[in-house]
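As a plain string of letters, each chain reads:
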Amino acid sequence: MSDEVRPWAALWALCLGFFMILVDTTIVAVALPVLRTSLDTDIGSVMWVHSSYLLSYAVPLLITGRLGDRFGQKQVYLIGLVVFTLSSIWCGFAGGVAVLIVARVFQGFGAALMSPQTMAVITRVFPPERRGQAMGMWGAVAGAATLVGPLLGGVLVGSLGWEWIFFVNVPVGVVGFFLVWFFVPVLPRRSHRFDVIGVVLSGIGMFLLVFGIQEGQRYGWGTISGIVSVPLLITVGVFFLGVFVLWQARTRGEPLVPLRLFKDRNFSLANVAIITVGGAVTSMTIPLMLYLQSVLGLSPMGAAVLASPMAVLSGVLAPFVGRLVDRVHPRYIAGPGLFLLSSSMAWVGLALRPDISLWELLVPIALMGVASACVWSPLSVSATRNLTMDVAGAGAGVYNTTRQVGAVLGSAMLAAAMEARLQAHGVSSEAGHTAGTVVQQLPEPLRDGFSRAMGEALLLPAAALVIGVVAALFFARPAHMGGPRRRPGADASRVVTQVSSRKI
């Protein structure tokens, strides 16, 4: 290694692991029916295989972002990658559902250690006026990964067995470790005092809030046991987070989340927009996949292939959009992108019916891919462009937390909407539990009601995205746009010290 910073090599190295942890947010869903049979357990327990990962991923993000500022983004990322990879081996060899759930908790914690560091490193090694291209790549990875999960899961479960949705992470993790070791610089660290009270308050608040949202549908938004209910958990969680915010404002020490971050209008608005995008993109694949399999009779592989234009177009177009973000006001990209994502999602929802031709779905599905490419980069650039180096990790932690909480909230709300619409159309909710590796097509009398229910449920995330559209329209013009071209990483190379001599 030399002292010269190679930003694009660092970005590619980080994105490999980032892609892997996002794929794992969706890859397990397609294997749940097989896991239920193989591990001889009930549906509630096997759902925790999916939920435990989302929970342990979302809750620590505020803290792990700050850990990168304190101990170094590269070091924290590599520790997280090791935890994630070893936990993947543990998951593959799990002989029972309880062991698998515990292993998934560790896997989610490893992902939480990794995720904020990717954005923080981008913020530190790319100058503001060139950050759009880098965030375009980051956005392409984030947008494509959530859509690749079901496709990859269907292939692996159908051909090699459920264990391989975890074992596949091992070679990726090993390669990713060495790429990050060699290509990501050791950035200077600042002496931060850790806000222990803030850690406790945010940890309790985030756990209760995310757990309540995530498990609300399972318990009918009512009582869990005794006097403990889902609304009580959410209320107490919000209370602890409120106390956390007050503590951050009044503490004389160094806060876990510097509230001055939110004085930047674009940072605040980008967080509002990304919570709607995280919820919509993560949740909308559920009713679409159920419809394609249960009504049209496609296999999981066939359904994923039909939806693949979203991932392909998003991945192809995102780098071009990233370059455009460096030169154009973000509201002129993010606003139309969010509007197109909302309208194309509503188009799909209104089009679902038993006798539809597949090509009729391809147009709005392709438009969702185009829209996705126009969303991730401008939002992430707007959130990070004005961050100072001492709070890069904290800002990335807040942004990733918002995105992940949006994913949990969106999934919970969509599950409730699906349940309500299925009941309204006289279809048993058990009809929605058939998605997996082998799908039985619904009897013909049920297909129309099921199609309408899935389509109407999709209108919910489409409507939520309108909030994101409004937020994007109020973005301020960035201070750093266009200007003379500088070599990416020129700023970073002046602050990176002892890259070749320091050991992690």
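Up top you'll find the structure we're talking about.
Described in the following lines is the structure provided in the data block.

Conventions and cut-offs
- Residues numbered from 1 in each chain as written.
- Predicted model: local features only at pLDDT ≥ 70, side-chain atom pairs only at ≥ 80, totals over all residues.
- Heavy atoms only, no water.
- Helix = DSSP H or I, 4+ residues; strand = E, 2+ residues; numbered from the N terminus.
- Buried < 20%, exposed > 50% of the residue type's maximum accessible area, 1.4 Å probe, protein only.
- Contact = heavy atoms within 4.5 Å.
- Areas by Shrake-Rupley, 256 points an atom, 1.4 Å probe, with all protein chains shown as cover.
- Salt bridge = Lys/Arg side-chain N within 4 Å of Asp/Glu carboxyl O.
- Phe/Tyr/Trp six-rings, centres within 6.5 Å; stacked < 30°, edge-to-face > 60°.
- Lys NZ or Arg CZ within 6 Å of the ring centre and 35° of its normal.
- Expected span 1.5 Å × (residues − 1).
- Arc of directions from axis to C-beta.
- Axes fitted to C-alpha atoms, helices over the stretch in contact; angles between N-to-C directions.
- Parallel < 35°, antiparallel > 145°, perpendicular 65-115°, else oblique.
- Left-handed = near helix turned anticlockwise from the far one by under 90°.
- Nonpolar A, V, L, I, M, F, W, Y, C, P; charged D, E, K, R; others polar.

1. Examining the overall build of the protein
A count of helical and extended segments in the protein gives 19 helices and two strands. Residues classed as buried in the protein amount to 58% of the 504 residues present. For the protein, the share of sequence-separated contacts (at least 6 apart) that also reach a separation of at least 24 residues comes to 86%. Of the roughly 19,300 Å² of accessible surface on the protein, a fraction of 68% belongs to carbon and sulfur atoms.

2. Things to note about the pattern of salt bridges
Taken as a whole and judged by the stated rule, the model has five salt bridges. Measuring nitrogen to oxygen at the nearest pair gives 3.5 Å for the salt bridge that ties Arg104 to Asp24. Taken together, the residues Arg104 in helix H6 (residues 97-125) and Asp24 in the loop between helix H1 (7-23) and helix H2 (32-38) connect sequence positions 80 residues apart. Asp24 carries the same exposure label as Arg104, and that label is buried. A salt bridge links Arg421 to Glu456; its shortest N-O distance comes to 2.7 Å. Of this pair, Arg421 sits in helix H17 (residues 392-424) while Glu456 sits in helix H18 (residues 444-473), and the two are 35 residues apart along the sequence. For Arg421, a relative accessible area of 31% corresponds to the partly exposed category. On the accessibility criterion, Glu456 (28% relative accessible area) is partly exposed. Connected through salt bridges with shared partners, the residues Arg353, Asp355 and Glu360 form a single ionic network.

3. Here we look at the environment of Val174
In this structure, Val174 sits in helix H9 (residues 169-183). Given the relative accessible area of 42%, Val174 is considered partly exposed.

4. Thoughts on the packing of aromatic side chains
Going through the model one piece at a time under the given rule, you end up with eleven aromatic pairs. With a centroid separation of 5.7 Å and 20 degrees between ring planes, the pair formed by Phe207 and Phe211 is classed as stacked. Taken together, the positions of Phe207 and Phe211, both in helix H10 (residues 196-215) and four residues apart, correspond to about one turn of that helix. Relative accessible area serves as the criterion here: at 39%, Phe207 is assigned to the partly exposed category. Put simply, the rings of Phe93, Trp164 and Phe167 touch in pairs and so form one group of aromatic residues. The side chain of Arg70 reaches across the aromatic face of Phe71, ending 4.8 Å from its centre.

5. A few points about helix H11 (residues 230-250)
Over its 21 residues, H11 runs 30 Å from end to end, which matches the ideal 30 Å to within 8%, given 1.5 Å per residue. All of the buried residues along H11 are Val230, Leu233, Gly237, Leu241, Phe244 and Gln248. Mapping the buried residues of H11 onto a view down its axis gives an arc of 65 degrees, with all of them on the same face. Exposed and facing more than 90 degrees away from the buried side of H11 are Thr235, Phe239, Leu246, Ala249 and Arg250. The inward-facing, buried residues of H11 contact helix H4 (61-71), H10, strand S1 (223-225) and strand S2 (228-229).

6. A look at the packing of H4 against helix H5 (residues 73-93)
At their nearest, the axes of H4 and H5 sit 6 Å apart, and the two run at 130 degrees to each other. Taken as axis vectors, H4 and H5 run oblique relative to one another. Residues Leu67, Gly68, Asp69 and Phe71 of H4 pack against Gln73, Gln75 and Val76 of H5.

7. Quick notes on the packing of H17 against H18
It is the contact of H17 with H18, at a shortest axis distance of 8 Å, that shows an interaxial angle of 145 degrees. Crossing of H17 over H18 shows right-handed handedness. Listed contacts from H18 to Met413, Leu414, Ala417, Met418, Arg421 and Leu422 of H17 are Phe450, Ala453, Met454, Glu456, Ala457, Leu458, Leu460 and Pro461. A per-class count over the contact of H17 with H18 returns twelve nonpolar, no polar and two charged.

Spatial relationships are all this shows, so hold off on functional conclusions.
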